[in-house]
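Observations on chain architecture
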Amino acid sequence: MRAAHTVDQVRAAEAPLLAGLPPGALMQRAVYGLLGHAARRLDRQVYGRRVVVLAGGGDNGGDALWTGARLAARGARVDALAPGGTHQEGTAALLAAGGRLHRVVAPGEAGLAGDGGPRVLPDERVAALLAGADLVLDGLLGIGGRPGLRGAHARLAELAPPERTIAVDVPSGVDADTGAAPGTAVRAALTVTFGTYKRGLLLGPGATHTGELALVDIGLDLPVPDLTALDDADVAALLPAPGPGDTKYTRGVLGLVGGSDRYPGAIVLATGGALRGGAGYLRVVAEARAAEHVCRAHPEAVVTVIEPGDAAGMLDAGRVQAWALGPGVVPGPEARRLLDALVATDLPLLLDAGGLDLFAEAFAAGFSTRTAGVGVGFTTTSRIADLPADVPADLPDRLRRSGRDPGLRRSGRDPGLRRSGRDPVADPAGTPGFGAGVGHTATGGEDGGGRGGGGGASAGRKVLARRGAPVVLTPHEGEFTRLTTTALGWDADDTGRQLATDRLGTVRQAAAALGATVLLKGNRTLIVEPGGAARVNTTGTPWLGSAGTGDVLTGLAGSLLAAGLGALDAVSVAAHLHGLAGQLAPRPLSAADLPALLPAAVARVLASTAAHRPSL
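Values in this document were obtained by computation on a predicted structure and should not be read as measured data.

What counts as what
Residues numbered from 1 in each chain as written. Predicted model: local features only at pLDDT ≥ 70, side-chain atom pairs only at ≥ 80, totals over all residues. Heavy atoms only, no water. Helix = DSSP H or I, 4+ residues; strand = E, 2+ residues; numbered from the N terminus. Buried < 20%, exposed > 50% of the residue type's maximum accessible area, 1.4 Å probe, protein only. Contact = heavy atoms within 4.5 Å. Areas by Shrake-Rupley, 256 points an atom, 1.4 Å probe, with all protein chains shown as cover. pLDDT = per-residue confidence, 0-100. Core = buried A, V, L, I, M, F, W, Y, C linked by side-chain atoms within 4.5 Å. Arc of directions from axis to C-beta. Salt bridge = Lys/Arg side-chain N within 4 Å of Asp/Glu carboxyl O. Pairing = 2+ DSSP bridges. Axes fitted to C-alpha atoms, helices over the stretch in contact; angles between N-to-C directions. Parallel < 35°, antiparallel > 145°, perpendicular 65-115°, else oblique. Left-handed = near helix turned anticlockwise from the far one by under 90°. Nonpolar A, V, L, I, M, F, W, Y, C, P; charged D, E, K, R; others polar. Right-handed = clockwise from strand over helix to strand, strands pointing away. Expected span 1.5 Å × (residues − 1). Phe/Tyr/Trp six-rings, centres within 6.5 Å; stacked < 30°, edge-to-face > 60°.

A word on the overall build of the chain
Looking only at helices and strands, one finds 23 helices and 20 strands in the chain. Put simply, the chain has 616 residues, and 56% of those count as buried. Within the chain, contacts between residues separated by at least 24 positions form 71% of all contacts whose residues are at least 6 apart in sequence. Of the roughly 23,800 Å² of accessible surface on the chain, 52% is carried by carbon and sulfur atoms.

Some details on the confidence of the model for the chain
When pLDDT is averaged across the chain, the result is 87; 83% of the residues are at 70 or more. Under a pLDDT of 50 for its full length, residues 398–448 has, in the predicted model, 141 contacts with residues more than four places off or in other chains.

Describing the nonpolar core
Among the nonpolar cores identified, the biggest contains 61 residues, and Met314, Trp323, Phe359, Leu473 and Leu514 are the most heavily contacted of them. When sequence neighbours within four positions are dropped, the list of residues in contact with Phe359 reads Leu339, Leu351, Phe367, Leu464, Val471, Leu473, Leu483 and Leu514. Within the second largest apolar cluster, 55 residues are counted, among which are Val284, Ala301, Val303 and Ala322.

Brief notes about helix α11 (residues 288–297)
Within the sequence span of α11, burial applies to Ala288, Ala290, Ala291, Val294 and Cys295. All buried residues of α11 fall inside an arc of 160 degrees around its axis, so they share one side.

Considering the pattern of salt bridges
Taken as a whole and judged by the stated rule, the model has 18 salt bridges. The salt bridge partner of Arg41 is Glu212, with a shortest N-O separation of 2.9 Å. Of this pair, Arg41 sits in helix α2 (residues 25–41) while Glu212 is found in strand β9 (residues 212–216), placing the two residues 171 residues apart along the sequence. Between Arg535 and Asp569 there is a salt bridge; the shortest N-O distance is 2.7 Å. Highlighted residues: Arg535 in strand β20 (residues 534–536) and Asp569 in helix α22 (residues 567–584), separated in sequence by 34 residues. According to the relative accessible area criterion, Asp569 is partly exposed, its value standing at 21%. A single network of salt bridges, built from pairs that share partners, joins Arg49, Arg50 and Asp134.

Looking at unusual backbone geometry
The step from Arg587 to Pro588 runs through a cis peptide bond, and the omega angle for that step is -10 degrees. Examined against the element boundaries, Pro588 turns out to sit in the loop between α22 and α23 (594–610). In this structure, Ala353 takes a positive phi of about 50 degrees despite not being glycine. As for its position among the elements, Ala353 is in the loop between β15 (349–351) and α14 (354–364).

Digging into the side chain of Thr6
Within the fold, Thr6 resides in the loop between β1 (2–5) and α1 (7–20). Take Thr6: its relative accessible area is 14%, and that puts it in the buried class. Filtering out sequence-adjacent residues up to four positions away, Thr6 remains in contact with Asp177, Arg199 and Asp226.

Topic: the sheet that holds strand β5 (residues 135–139)
Strands sit in the order β4-β3-β2-β5-β6-β7-β9 across an open sheet of seven strands; the sheet is parallel. Bordering the open sheet on either side are β4 (100–103) and β9, each of which pairs with just one other strand. The mean inter-strand angle of the sheet, taken between neighbouring strand axes irrespective of direction, is 20 degrees. Sheet topology places strand β6 (residues 165–168) next to strand β7 (residues 190–194); three bridges connect them, and they run parallel. Paired with Val168 across the bridge in β7 is Val192. Each of β2 (50–55), β3 (77–82), β5, β6 and β7 is contacted by helix α3 (residues 59–73), which is oriented at about 150 degrees to β5, the strand it contacts most. Together, β2, β3, β4 and β5 form the strand contacts of helix α5 (residues 123–131), whose direction differs from that of β3 by roughly 135 degrees.

Focus on the packing of helix α18 (residues 477–488) against helix α19 (residues 492–501)
Helix packing geometry: the angle between the two helix axes and the distance between the axes. Direction vectors running N to C along α18 and α19 enclose 130 degrees, while the axes themselves pass 9 Å from each other. As the angle between them shows, α18 and α19 are arranged oblique. Both α18 and α19 take part in a crossing whose hand is right-handed. In this structure, α18 uses Glu477, Phe480, Thr481, Thr484 and Thr485 to contact α19, whose residues at the interface are Ala492, Thr495 and Leu499. Residues belonging to the contact of α18 with α19 are distributed by class as follows: three nonpolar, four polar and one charged.

A word on the packing of helix α10 (residues 265–275) against α11
At a closest axis distance of 8 Å, the pairing of α10 and α11 adopts a crossing angle of 40 degrees. Our pair here, α10 against α11, has a crossing hand that is right-handed. Residues Ile267, Val268 and Thr271 of α10 form the contact with α11, whose participating residues are Ala290, His293, Val294 and Ala297.

A few points about the pairing of β3
With five of six residues buried, β3 is to be regarded as a mostly interior element. Relative to β3, β2 runs parallel, the two being bridged by five bridges. In the strand pairing of β3, Val52 is matched with Asp79. Where the polypeptide runs from β2 across α3 and back to β3, its parallel neighbour, the crossover connection is right-handed. Across four bridges, β3 lies against β4 in parallel orientation. Paired with Leu81 across the two strands is His102, which belongs to β4. The β-α-β motif built from β3, the intervening helix α4 (residues 88–96) and the parallel element β4 has right-handed crossover chirality.

Details of the environment of Ala82
Summarising the element assignment, Ala82 is placed in strand β3. Judged by its relative accessible area of 3%, Ala82 is buried. Spatially, the C-alpha atoms of Ala82 and Leu140 are 8.1 Å apart, while their sequence positions differ by 58 residues. The residues touching Ala82, leaving out its near neighbours within four places in the chain, are Ala55, Leu101, His102, Arg103 and Val104.

Topic: the side chain of Thr191
Among the secondary structure elements, Thr191 is positioned in strand β7. Discounting residues that sit within four places of it in the chain, Thr191 has contacts with Ala167, Asp169, Val170, Pro171, Leu201, Thr210, Glu212, Leu213 and Ala214.

Concerning helix α21 (residues 549–562)
Spanning 14 residues, α21 covers 20 Å between terminal C-alpha atoms, matching the ideal 20 Å at 1.5 Å per step. Among the 14 residues in α21, 14 count as buried, and that is most of the element. The first or second residue beyond α21 is Gly564, which carries a positive phi of 115 degrees.

Section: the packing of aromatic side chains
For the structure shown, the criterion picks out five aromatic pairs. Chaining the aromatic ring pairs together yields one cluster made of Phe359, Phe363 and Phe367.

Take a look at the structure:
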């Protein structure tokens, strides 16, 4: 597992080493590691190669200059380009080894250095040096640098060839904490970072500037990481695997709710993902047209057909260990009944697509049926037994007791609509983990989250806090903005700006305010728990930006929840496998390609630990 820390955490960890080691010793640890990576980029053929150092005035510039000096001592031609002052000891070492130092200014700026310093190199000569370089070391700015470069710094970043550039600790122009990179920033083929991964190397735009990422251990004693990223071995260790005594029921049962006459295909894609997620049994609840599509595409799924808004019929589909709602759902009063009934259970609940809009409205109303005018479950003024007139009187009992599954059927209100079943197996009595609980009464309270939201939002948080299981929300950026605007009262334009400048901080704030685990899809998908624990997913491809791919992720993540993983682990593993499947898919990919590629993605992560696993 890769652990990332904030700049403040890194500074605090460096302080005792800087105080206890001889001057320059910590820098030499970094230089030793950087030199090894630079030599490998040159195929260990250093003699006669052309190396350019982009030298800033801080310790990163010192790291780059010292590394340039070591390469020069091995016979490389090394030119350092400096837009300002440089690290004194590193500069002396470079010049002593035969390297050259040149001053650089932006086109149109003053052309001579004062105080006998190096002469300014003309812009065309700077461009020629960088174009002809076998290797460029970017040491302009370090972890304390502000994002966005100007003047000569920006000019050097524009001219540096990305495919031959190594960034020292962090690409210059990238915010080491947030990953923000407004304006111009260096793009590197490799970033060699010291002590720990910096958050900005894994997040947002920063990740696109980083290239390959290598970590050099310099002996820091670090605190609990602020952000983590799973690797293949971590995912392999978390994947649910059946034991000799397991059955389809003990492996977990997912209830997947979605589909509509308007969007019948989304639930088919979600079903494909769910069947590859590790749960042993899948119950799909859908309206008639969508249900027919699921039956044709996935005969192994057990399908219950309901009329729009039939919450009782949904719950009567049978016992499950987690619910997922949203793919193909059209928000409205009928769908709101389904959402409220699922929130009223004490089972893990994953919401996506149309389910997110339903959740936002319900959350803002404090899950109050009187405020909403529809739904079942929570109310700020009455007990769950005081249900609206259109809700069956025995619904609380249905929430508590087990259900039988006669296969593909309509809800039990009209026996004439019942269809023949393919799987008449009833749930085993007393199987641990099955069943549904009843929700709790919510009352008003103080607002939280720091950016708005009224009493309904406070009540909504209390409702979710009293559930016996987590709620997981999986929006893309547009859905996230709508969600936080409706549920929390955030300003949509401000949210867009905050996501651009501090994506992780914004999602953390939303997860805490909502009391739910939030997975924000994107180039680097983020998963954040209400308490702030956060992961970033580093697999995937821009080709996954295609309609329907999120539906596959919903089914996959829901299945992992039903199989017993906690919310953070389930959605982190799902995002990792989903991204790998995208990487394996043909180009251009279609969402329908992904379910069939998930076994190959699982095989890849299992192969990462196969060599260390004892044979059976």
